[in-house]
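Observations on the three-dimensional arrangement
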Amino acid sequence: MRLASRNVPFSRNSIITMCSVSAISISFPTCSRLHCSVPTEPSKSNLKLSRIRTNPSLHCHVRVPPPRNRKLTSCDGGLIEAFQRLDGSIEAYAYVLELCGKSRAISQGRQLHSLIFKTFPAIELEFLAGKLVFMYGKCGSLDEAEKVFDEMRHRTAFAWNAMIGAYVSNGEPASALSVYRNMRSSEGVPVHLHSFPVLLKACANLGDIRTGTELHSLLVKLQYQSTDFIVNALISMYAKNGDLSAARRLFDGSVEKGDVVLWNSIMSSYSTSGQSLDTLQLFRDMQMNGPPSNTYTIVSALTACEGFSFAKLGKEIHAAALKSSHCFQVFVCNALIAMYTRCGKMLEAGRIFRLMDNHDVVTWNSLIKGYVQNLMYREAFEFFCDMIAAGHKPDEVSLTSVIAASGRLGNLLVGMGLHAYVIKHGWDSNLQVGNTLIDMYSKCNHTSYMGCVFLMMHEKDLISWTTVIAGYAQNDCHVEALELFRDVAKKSMKTDEMMLGSILRACSALKSMPIVKEIHCHILRKGLLDTVIQNELIDVYGKCGNMGYATRIFESIKGKDVVSWTSMVSSSSRNGNGNEAVELFRRMVETGLAADSIALSSILSAVANLSALMKGREIHGYLLRKGFCLEGSIAVAVVDMYACCGDLQSANAVFDRIERKGLLQYTSMINAYGMHGWGKASVELFNKMRQQNVSPDHVSFLALLYACSHAGLLDEGRRFLKIMEHEYKLEPWPEHYVCLVDMLGRANCVLEAFEFVKMMKTEPTTEVWCALLAACRSHSEKEIGEIAAQRLIELEPKNPGNLVLVSNVFAEQGRWDDVANVREKMKANGLEKHPGCSWIEIGGKVHRFIARDKSHPETKVIYEKLSEVTRKLEREAGYRANTKYVLHNVDEGVKVQMLHGHSERLAIAYGLLRTPDRACLRITKNLRVCSDCHTFCKLVSKLFRRDIVMRDANRFHHFESGLCSCGDSW
C-alpha cells in the first residue's frame, strides 16, 4: 500500500529550513490540494463508512479547511528541534507527526507526509498511517484524515480511535459514532480508554442517550467506570441528555471526591440545565468539604446566578473569588460582569470593567448586552462607540445587541448608522445581524427599509420570516403580512407559534372572516393546533365578532390556562356581552386558576362597560386580597372602572393612593374628571402633571380637550390645542379637531366652527362633520347643517349612526319626505338603527331594558310603577311630555306613549321598585339621553329624593334635588 501524499519534492532539510523561517514569525501559504499515488483496490474488509470515501481516485472533491494563518514562533522550538533530530526510524516520524498535530502545524505535517511517502516502503506504513490520521484530524483537515484512513488496508486500533477523535473535534459526532460501530463490528479491534470520553461527548452533542448508556455498560464490563476522567465524561453525557439524576448518582457514587474536575463537571451539568439553586448548593458543599476551587468552579457558580434574587449570592461568590485570587483572570472577570448584569447591578458590572487591565471582545459584549437587558439603551450605544474607539472590532454579539437597542429606542437615525457600519465591515451577510436589522426597522415603524433588508438577505431562516411578518402586522401593513405568509405556505416552510400569532393578529385587524377561516384550516391541516394557537384563535374570532366560533374553540380546549379564560373574557366584553364576561371570570376563579394582571384588566374593562359598580368593587377586593399592587395597567383599569361606574370619589381615592404616577395614570384620571363634567379639575390635574415633568401625549391631550368640551371651557380648549402643536410638537389627530368643533358648537359659534373645518390641514373626517351637524341641530343652523349632512352621506353612505342623525335633523325641520328617503336608503342597504338600551345593577345582577321593552319577567309591575311615577310628576311638578324630540310623523298621543316607553325610564322605575328608599340609582344608556327624559330624571331626583347617576353615550349626568351636573348642556 502507498499512502496518498503531496507530490512535492521536499527533503528533510527543506522542512527544517521552513520551520526555522517560521520561527521568526514568517508564515507560509497553505499548500494546494492533496494528490494521491497510484490507487489501490480496496479490500473487501474495507467497510463503507458514512462520510468516508472508498474511491481514492476522487481527488477534486477534497474539502480543505480555511487557512489558519498560523505562525510558528520561538515557542514552537520543540517542533523545530524534533525536525532537526529526525532520523530514519518510524518512531521518530511518529513523534514528529504527533507534534505537528498538537501544534496545528498542518503545512509541516503535509511536507512530512510527502517525505514519509518517499522514504518508507508500503509494508512499514500501517503504523504511520494512524499517526497521519491523528495529525490531520487535530489540524482540522477532515478530508485528508478520511483519505488516509480510507486507503488503509489494515487499520490499526490507533487509526480507528484517531478517526473517531477527528470527527468529534471537527463537529461531526454522528460520523464518529458510525466509525465506532464499524470498529466494534471488526474483530479484535479494542476501544482505547481515551476514546471513551470522545465518544461520550459525541453522544452528548447528538442527544443519543441510548448509545451513551451502551458505552457506560461497556465501561462497566471493562472495569473502567471508576476512572476519574471517565466519570467526568459520563456525568457530562447524562446531563446534556437531560438525565441529571443519573449524573448525580455517578457523582455521589464516586469514591474520590478530591478531584476538582469532578466537582466542576457536576456543577456545570446543573448550571447548564438551569438548576441554579442545586449548582450553588454544590458550590457551597465544595467550599466546605471538597477540593480548592479553580477558575472553572467560579465561572460555573457565577453562571448559576441568573436573576435579581441571586444578587446577594453572586456577591458572596465574588468574595470567594477575591480570596482565591482567581478574579484577576479575564474570563472570571467576564463571568462576574455577566452575573451582575443579569442581576440588574450595572454599577457593579461597570466597576469590574474599569478595574480590569485587559479587556477582550467578550468583556465589552457582556457589558453591552447587560445595558440592553436592563433597558439602558443609550448607555449600550455609547459603550459600543467606546469599544470601537478602543480598537476592538465588534462581532455578531456586539452588533446584534446595539442594533436591538436602537430599535427599542425607536431611533431610526442611529439604526441606519449601524446598518451602514454593518455593510461597510461585511456583516450584512450574517444571518443573525440581518434578523436584528429587520426587527430594528420594524420597531422604528419603517417597513420599507425592513422589507429591503429582508429581500437582500442571502440566507433566511424561520426567524427571518417570522420577524418580517410580525413587523408588517405590528405596523398595520396587514396585507403585506398575509402575502408573505402565503409565500411561506407555498414553500412548505415550517411555521411556529409566533408567526401564526402575528398573522392571526393581522387578520383580526382586517376583520376578514374568510381569511381567518382559511388560516384556521391551514393550522388544522398542518397539525399545529395547541393551546397557544387556540387562545389566539379565540381572540381573533372575538375581534371579528364571531362569538360562536370563539366559544366553540374555548370549550374544546382541554387544559384551559389563564390566557384562554382571559381571551374569552375580553372577546365577550368587546362584543357587548358584559354579563357573560363576568360569569366567565367567576368560573375561572372557581377552577383555582390565579388571575394575572391582564385577566384583571380585561374583567375590569367589562365591568366598566356594564357600569356594574358592585361587581367592580368585588374585583377590586379580589386583586387586593391576591396581593396585586395598584400600579401600572392595573391602577389605570381600577380608576377607569370606578369612573365608568359613576363613582368618581372612589376613582379619585384610588388615584391618590398610586405611589408612582405616570402618563397613563394621569390620563385616566383626567378622562374620569372629563366624563363627569369636571372640566376645571381636569385642567388642574393636567397642569400638575406637567409640573411633575410628565410629558403629555396625543391621548392625554384628547382627554383634556374632551373635558374642556363638556365643561364649556372654550378658551382653555383653544389654548391647549396650541400648546399641543407648538410646545410639544404633536400633530393633532382628527379626534382633537372634533373636540374643538364640539366646543365651538356648544358655545353657539357654529359659523366659526364651520370656518375652522374648512381651514383644517387634513381632510375633515366623518366625526368632524358629525360634530358640526350636531351643533347646527342644537342651534337651528339650517344652511350649514345641510352642507354637513350632505358630506356625511357622501363619506359614509352605509353608516347607520350618521344616517339616523341626518334623518333626525330633517325630522326636526319637518322635512318628512327627506326623512323617508334616508330611511328607505337604510332599508335598501340592510342598515338598522341601534335601539335605545339602558341597564341597571341590582342585587349583583345587571338588568337590561330596551325602549318599550316587555321581555323582563316583572314587566307588569314595572309599567305600573312607571305610570305611578309619571302621574306624580304631572300632579306635583307640572310635568308635560315634550314631544318635540319624538322624531316620527305620528299622532301626538302616540308620541307621548313612545316617550313614556324610553329605556331609561323603565330602568328608573325598576330601580325605584327594588332598591331601598334614598338609595342612589346608577343607570347606563347606549345612546344620548333625550331632553324630555333628562327633565324626567331631574324631577324624579327631586320628588322621590333619589340621586340618579346616568351615563349616556356622551357623558355622565349626576341628578340631585332637581338639578343635573351637566347644567342642561350635553
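Residues numbered from 1 in each chain as written. Predicted model: local features only at pLDDT ≥ 70, side-chain atom pairs only at ≥ 80, totals over all residues. Heavy atoms only, no water.

Inclusion rule: UniProt positions are given in the numbering used here, feature names are shortened, and annotations may be inferred rather than shown by experiment.
Going by the annotation in an unreviewed UniProt entry, the name recorded for the chain is (rape) hypothetical protein, with Brassica napus given as the source organism. In its Sequence similarities (unreviewed entry) section, the UniProt record describing the chain reads: "Belongs to the PPR family. PCMP-H subfamily." Taken directly from UniProt, the Subcellular location (unreviewed entry) text for the chain runs: "Plastid, Chloroplast".

1. Structural notes on the overall build of the chain
Where we set the bar: The helix and strand labels rest on DSSP assignments: H or I over at least four residues marks a helix, E over at least two residues marks a strand, and numbering proceeds from the N terminus. Type-normalised accessible area, obtained with a 1.4 Å probe on protein chains alone, sets the label of each residue: buried when under 20%, exposed when over 50%, and partly exposed for intermediate values. Any two residues having at least one pair of non-hydrogen atoms within 4.5 Å are treated as being in contact. Throughout, the Shrake-Rupley method with a 1.4 Å probe supplies accessible areas, and for residues the shown protein chains are the sole cover considered. Lys and Arg are tallied as positive, Asp and Glu as negative. Neither His nor the chain termini are counted. Lys charges are placed at NZ, Arg charges at CZ, Asp charges at CG and Glu charges at CD.
Within the chain, the secondary structure is distributed over 50 helices and six strands. The C-alpha extent of the chain, read off along each of the three principal axes, is 130 × 60 × 55 Å. Across the 970 residues that make up the chain, the buried fraction comes to 51%. Of the contacts formed within the chain by residues at least 6 apart in sequence, a portion of 64% connects residues at least 24 apart. Total accessible area on the chain stands at roughly 46,100 Å², and carbon and sulfur atoms take up 52% of it. Distance from the positive charge centre (112 side chains) to the negative charge centre (99 side chains) of the chain: 2 Å.

2. As for unusual backbone geometry
Where the residue is not glycine, phi is negative for most of them; where a peptide bond is considered, it is trans in most cases. Its identity is not glycine, yet Leu375 carries a phi of approximately 65°, on the positive side. Residue placement: Leu375 occurs in the loop between helix 19 (361-373) and helix 20 (377-389). A residue is classified by how much of its surface remains accessible, and Leu375, at 61% relative accessible area, is exposed. Of note in this structure, Ser492 is not a glycine but carries a positive phi near 55°.

3. Let's talk about the UniProt feature "repeat: PPR" (unreviewed entry) in the chain
Sites flagged by UniProt as "repeat: PPR" (unreviewed entry) map to residues 156-190, 259-293, 360-394, 461-495, 561-595 and 662-696. Within the segment residues 259-293, helix and strand shares are 77% and 0% respectively, and the terminal C-alpha atoms sit 10 Å apart. In residues 461-495, helix accounts for 74% and strand for 0%; the two terminal C-alpha atoms are 11 Å from one another.

4. Remarks on the sheet that holds strand 4 (residues 948-951)
As a reminder, the rule being used: DSSP calls a pair of strands paired once it identifies at least 2 bridges connecting them. What counts as an axis is a line fitted to C-alpha atoms, over the stretch in contact for a helix, and the angles between N-to-C directions run from 0 to 180 degrees.
One open sheet holds the six strands; their spatial order is 2-1-3-4-5-6, and the pairing between them is mixed. Each edge of the open sheet is held by one strand with a lone partner, namely strand 2 (845-850) and strand 6 (963-964). When strand 1 (residues 837-842) meets strand 2, the two strands line up antiparallel, connected through six bridges. Of the residues in strand 2, the one forming a bridge with Ile842 is Lys845. In the packing of helix 49 (residues 903-914) onto the sheet, contacts are made with strand 1, strand 2, strand 3 (921-925) and strand 4, and the angle to strand 1 comes to roughly 15°.

5. Examining the side chain of Ser601
One can find Ser601 in helix 33 (residues 597-610). Excluding residues that lie within four positions of it along the chain, Ser601 makes contacts with Ser633, Ile634 and Ala637.

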